[in-house]
Amino acid sequence: MSTPNLDLLEMAADAGFRRVVLDIEHNGYDADRREALVVAARALGLAVCAKIEAPEPVWVQRAVDLGVDAVILPHVGRLADAEAALATCKFPPLGTRSYAAGRSARFKAPDDDYFARQNREMLCLPMVETAEAFDDVEALLASPLVDGIFVGPFDLALTRGRPTYGFTDQDRADISELAAQAKAAGKQWWMPTWRTEEQVFARDHGATVRVVAAEHQLLSLGLNFVMENLER
């Protein structure tokens, strides 16, 4: 989702989608609307994932306090550079996340298993969208702070020296390598798959989650469909 559109969220749930990614990084989400989307998604039975502004502890903390199911961290380079942000995803002694008795705790005192349960269930997914992250992916996946990776194919292709991303042999080789690394580490990997061939490739390579539609893409398809079928 590119905008805090509650109508779209409800339509997506009705259509059978199971998970929503809030692309906060690239779009405007004020705090109230962000919170409303999380509450609505949970009420509709959708898992909700926040792709935050940057790999900075403050943005991670704000996302986990909302009670999201996953935090996706963009602009990650090497593990050492992102470790402080990754640590904010997990409570001590594993990480440095700070406790807030709000939405993430269901507005009540935590039970004995709350902190361990949050560390298990709230997913921390650094994006692999830079050459640095690609080169350091084994270390990223080996970190106990990391539950998996989210592939950013366009930026990855650019930073790996290609003129664009076109799901070429080189693109597929890079993604195959990331999938193999994730499998070897016993961790998840997610990917945006707008085209059928990407969806099949991701499925066949064991992707845990395929993000299959984007808000602007859906709007464009709908508008083009109307124009193409307009009686003139």
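Residues numbered from 1 in each chain as written. Predicted model: local features only at pLDDT ≥ 70, side-chain atom pairs only at ≥ 80, totals over all residues. Heavy atoms only, no water.

Per an unreviewed UniProt entry, the protein chain is named Hydroxyacid aldolase, and its organism is Qingshengfaniella alkalisoli. Checking UniProt for the protein chain, the heading Sequence similarities (unreviewed entry) contains the comment "Belongs to the HpcH/HpaI aldolase family." (UniProt positions renumbered as here; feature names shortened; annotations may be inferred.)

Trainee: Let's hear about the overall build of the protein chain: which residues, and what values?
Mentor: Scanning the protein chain from terminus to terminus reveals 11 helices and 7 strands. Scaling as 2.2 N^0.38, a compact globule of 232 residues should have a C-alpha radius of gyration of about 17 Å, and the protein chain matches this with 18 Å. Across its three principal directions, the C-alpha atoms of the protein chain cover 65 × 40 × 30 Å. The buried share of the protein chain, taken over its 232 residues, is 47%. Of the roughly 11700 Å² that the protein chain leaves accessible, carbon and sulfur atoms contribute 53%. When the 24 basic and 35 acidic side-chain charges of the protein chain are each reduced to a single mean position, those positions are 4 Å apart. (Helix = DSSP H or I, 4+ residues; strand = E, 2+ residues; numbered from the N terminus. Rg over C-alpha atoms; globule rule 2.2 N^0.38 Å. Buried < 20%, exposed > 50% of the residue type's maximum accessible area, 1.4 Å probe, protein only. Areas by Shrake-Rupley, 256 points an atom, 1.4 Å probe, with all protein chains shown as cover. Lys, Arg positive; Asp, Glu negative; His and termini not counted. Charge placed at Lys NZ, Arg CZ, Asp CG, Glu CD.)

Trainee: Let's hear about the pattern of salt bridges: which residues, and what values?
Mentor: When their charged atoms lie close together, side chains carrying opposite charge are able to pair. As enumerated under the stated definition, the model contains 16 salt bridges in all. With a closest N to O distance of 3.5 Å, R117 and D113 form a salt bridge. D113 sits in the partly exposed class, given a relative accessible area of 31%. One salt bridge connects E198 with R195, and the closest N-O pair in it is separated by 3.4 Å. (Salt bridge = Lys/Arg side-chain N within 4 Å of Asp/Glu carboxyl O.)

Trainee: Run through the environment of V146, naming residues and quoting values.
Mentor: Note that V146 resides in the loop between helix 7 (137-142) and strand 5 (148-151). Separated by 109 residues in sequence, V146 and L37 have C-alpha atoms that sit 25 Å apart. Once residues lying within four places of it in the same chain are set aside, the contact partners of V146 are L86, C124, P126, L140, L141 and K187. (Contact = heavy atoms within 4.5 Å.)

Trainee: Give a detailed account of helix 3 (residues 57-65), specifying residues and quantitative values.
Mentor: Those residues of helix 3 not exposed but buried are V60, Q61, A63 and V64. The arc that holds the buried residues of helix 3, viewed along the axis, is 165°, so those residues lie on one side. Turning to helix 3, the residues buried within the fold contact strand 2 (47-51), strand 3 (70-73) and helix 4 (79-87). (Arc of directions from axis to C-beta.)

Trainee: Describe the state of the cysteines, listing the residues and the values that go with them.
Mentor: Applying the stated rule across the entire model yields 0 disulfides. Distance from the sulfur of C49, which forms no disulfide, to the nearest cysteine sulfur (C89) is 12 Å. Judged by relative accessible area, C49 falls into the buried class, the value being 1%. Its sulfur unpaired, C89 is 3.2 Å from the next cysteine sulfur, which belongs to C124. (Disulfide = S-S within 2.5 Å.)

Trainee: Pulling in residues and values, what's your account of unusual backbone geometry?
Mentor: Peptide bonds are mostly trans, and most non-glycine residues show a negative phi. In the segment running from P92 into P93, the intervening peptide bond is cis, with an omega of 5°. Mapped onto the elements, P93 comes out in the loop between helix 4 and helix 5 (114-121). One non-glycine residue with positive phi stands out, namely H75, at about 60°. On the secondary structure map, H75 appears in the loop between strand 3 and helix 4. In this structure H75 comes out as partly exposed when scored by relative accessible area, which is 45%. Although it is not a glycine, R106 adopts a positive phi angle of roughly 60°. Tracing the sequence through the fold places R106 in the loop between helix 4 and helix 5.

Trainee: Just give me the short version of the pairing of strand 1 (residues 19-23), but keep the residues and values in it.
Mentor: The buried count for strand 1 comes to 4 of 5 residues, which makes it a mostly enclosed element. At this point the chain moves from strand 1, through helix 2 (residues 31-43), to the parallel strand 2, and the crossover so formed is right-handed. (Right-handed = clockwise from strand over helix to strand, strands pointing away.)

Trainee: Go over the pairing of strand 6 (residues 188-192), please, and point to the residues and values.
Mentor: In terms of burial, strand 6 is largely enclosed, as 4 of its 5 residues are buried. Both strand 5 and strand 6 contribute to a ladder of 3 bridges, which runs parallel. For G148, the partnering residue across the bridge sits in strand 6 and is Q188. Here strand 6 pairs with strand 7 (residues 209-211) via 3 bridges, running parallel. (Pairing = 2+ DSSP bridges.)

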